[in-house]
Amino acid sequence: MIQVAAAVLLVAGAFFMLVSSVGLLRLPDFYSRSHAVGKSETLGSMLLLGGLALYNGLELNSIKLLFILLFVAIANPTATHAISRAAVRSGLQIWTRRGRGNGRDLAT
Amino acid sequence: MSSLFLGLAIFIAALTVASIYRVVVGPTVFDRAIGAGLIGTNVLLLLVLVGFLYGRIDMFIDLAIAYAMLNFVGTVALAKYLERRGERSL
């Protein structure tokens, strides 16, 4: 029963990693790509690590896996925010369907 | 269950190879930065899965902890450098 739940979590995590990779390759602009990568990648890795911890049972290794999960949950959005803020302060324009930076001003 | 781990490991390795396209092509340096961050997280998950496949869970989880910290520190250091120097410097 626990193995079935762990397998469900693992497959869900792999699905979200697929979503983040597809978003990284197919979206038209840096800001939309950072949305796809920052959010889906964090969720996918959290689900995968949670599934592995559930499969392992109650051991020291599961506590370590939950520590990695907590660290990834805090660190990945912070790193994504740091890169996106560097892009805003560098003046990278938002892509619109009519072209780049079409009178749209970034809030700096 | 170990065949599920093997399938997942191959799947995540394929996604990592696909992300290299964005690192090579990406028109700005910020695209390359988040592509590198995604590759780092994929490698972290691969480390843990390979640890489960080989049976030596303890060693590979310690490696994964260290690599997660290195990935985070590297990405934030690159972001701070780019914020100060602008995109043209790289």
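The structure reproduced in this document is the subject of the present report.

## With respect to the side chain of S84(A)
Mapped onto the secondary structure, S84(A) falls in helix α3 (residues 60-89). Beyond its immediate chain neighbours, meaning those up to four positions away, S84(A) contacts F30(A), Y31(A) and S34(A).

## Some thoughts on helix α1 (residues 2-26) of chain A
Taking 1.5 Å of rise per residue, 25 residues should cover 36 Å, and α1(A) covers 36 Å from first to last C-alpha, within 8% of that figure. Every buried residue belonging to α1(A) is among A6(A), L10(A), G13(A), A14(A), M17(A), S20(A), S21(A), G23(A) and L24(A), and all of these are buried. Against the buried residues of α1(A) lie α2 (30-56) of chain A together with α1 (2-25) and α2 (29-54) of chain B.

## Some thoughts on the interface of chain B and chain A
With 43 residues of chain B at the contact, the number on the chain A side is 43 residues. Summed over both partners, the interface of chain B with chain A buries about 3800 Å², with 79% contributed by carbon and sulfur atoms. Looking only at chain B, the three residues that lose the most surface to chain A are F30(B), I34(B) and E83(B), adding up to 16% of its buried area. Summed over the shared surface of chain B and chain A, the number is four salt bridges. A salt bridge links D31(B) to R33(A); the shortest N-O distance between them is 2.5 Å. Between chain B and chain A we count seven residue pairs in polar contact (both at pLDDT 80 or more) in total. The set of elements that each furnish at least two residues to the side of chain B that touches chain A consists of α1, α2 and α3 (57-85) of chain B.

## Concerning the side chain of N71(B)
All names here are of chain B. By the element assignment, N71 lies in helix α3. N71 sits in the buried class, given a relative accessible area of 15%. N71 has contacts with G37, G40 and T41, leaving out every residue within four places of it along the chain.

Conventions and cut-offs
Residues numbered from 1 in each chain as written. Chains lettered and ligands numbered in written order. Predicted model: local features only at pLDDT ≥ 70, side-chain atom pairs only at ≥ 80, totals over all residues. Heavy atoms only, no water. Helix = DSSP H or I, 4+ residues; strand = E, 2+ residues; numbered from the N terminus. Contact = heavy atoms within 4.5 Å. Expected span 1.5 Å × (residues − 1). Buried < 20%, exposed > 50% of the residue type's maximum accessible area, 1.4 Å probe, protein only. Buried area = accessible area lost by both parts, 1.4 Å probe. Salt bridge = Lys/Arg side-chain N within 4 Å of Asp/Glu carboxyl O. Polar contact = N/O pair within 3.5 Å; in protein donor to acceptor, adjacent residues only side chain to side chain.

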